[in-house]
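The residues making up each chain are set out below.
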Amino acid sequence: LQKISTGFPKEFWDKYKALVKKRQAEALTEDEYQLLNEMGDRLELANAERIRNLSQLADLRHTSLPALMAELGIKPVEHD
């Protein structure tokens with residue numbers, strides 16, 4: 001459960017959201033564009049690891065992944 005609950009710090013999300021806003025305004029520098037891509041890659045890897053951990057926990061509890069997520073109150077998060 002600890003691995004599933006681990007997330008990124010507030011500072012990460014603040015920077016990510018600021019870069020997304022700048023991207024939407026078409027105001028990113030090349031360095032910011034690269035940073036946003038790297039942050040997106042980190043998010044994808046972390047989400048894949050989280051799903052892998054959730055799946056393992058579902059197997060241990062002899063339940064389905066959707067049922068476990070509902071039990072834990074985990075809902076998909078939409079990102080810009």
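Residues numbered from 1 in each chain as written. Predicted model: local features only at pLDDT ≥ 70, side-chain atom pairs only at ≥ 80, totals over all residues. Heavy atoms only, no water.

Colleague: Is there a simple way to think about the packing of helix α2 (residues 10–24) against helix α3 (residues 30–60) in this case?
Modeller: Between α2 and α3, the shortest axis-to-axis distance is 10 Å and the interhelical angle comes to 125°. Comparing their axes, α3 and α2 come out oblique. In the packing of α2 onto α3, the handedness of the crossing is left-handed. Residues Phe12, Trp13, Lys15, Tyr16, Leu19, Val20, Lys22 and Arg23 of α2 pack against Glu32, Leu35, Leu36, Met39, Gly40, Arg42 and Leu43 of α3. Of the residues contributing to the contact of α2 with α3, the split by class is nine nonpolar, one polar and five charged. (Axes fitted to C-alpha atoms, helices over the stretch in contact; angles between N-to-C directions. Helix = DSSP H or I, 4+ residues; strand = E, 2+ residues; numbered from the N terminus. Parallel < 35°, antiparallel > 145°, perpendicular 65-115°, else oblique. Left-handed = near helix turned anticlockwise from the far one by under 90°. Contact = heavy atoms within 4.5 Å. Nonpolar A, V, L, I, M, F, W, Y, C, P; charged D, E, K, R; others polar.)

Colleague: I would appreciate a short explanation of the pattern of salt bridges in the present structure.
Modeller: Think of it this way: side chains of opposite charge can pair up when their charged atoms draw near. Taken as a whole, this structure holds four salt bridges when the rule is applied. Across the salt bridge formed by aspartate 14 and lysine 10, the nearest N and O atoms sit 2.7 Å from each other. Taken together, the residues span about one helical turn, with aspartate 14 and lysine 10 both in helix α2 at a distance of four residues. The class for aspartate 14 is partly exposed, based on a relative accessible area of 39%. Owing to a relative accessible area of 58%, lysine 10 belongs among the exposed residues under this scheme. (Salt bridge = Lys/Arg side-chain N within 4 Å of Asp/Glu carboxyl O. Buried < 20%, exposed > 50% of the residue type's maximum accessible area, 1.4 Å probe, protein only.)

Colleague: Explain unusual backbone geometry to me, please; I cannot follow it from the model alone.
Modeller: Apart from glycine, the bulk of residues carry a negative phi angle, and the bulk of peptide bonds sit in the trans form. Of note in this structure, glutamate 26 is not a glycine but carries a positive phi near 55°. Mapped onto the elements, glutamate 26 comes out in the loop between α2 and α3. The exposure class assigned to glutamate 26 is exposed, which follows from its relative accessible area of 75%. For histidine 62, which is not glycine, the phi dihedral falls at a positive 55°. With respect to the helices and strands, histidine 62 occurs in the loop between α3 and α4 (65–72). The exposed category is assigned to histidine 62, whose relative accessible area is 76%.

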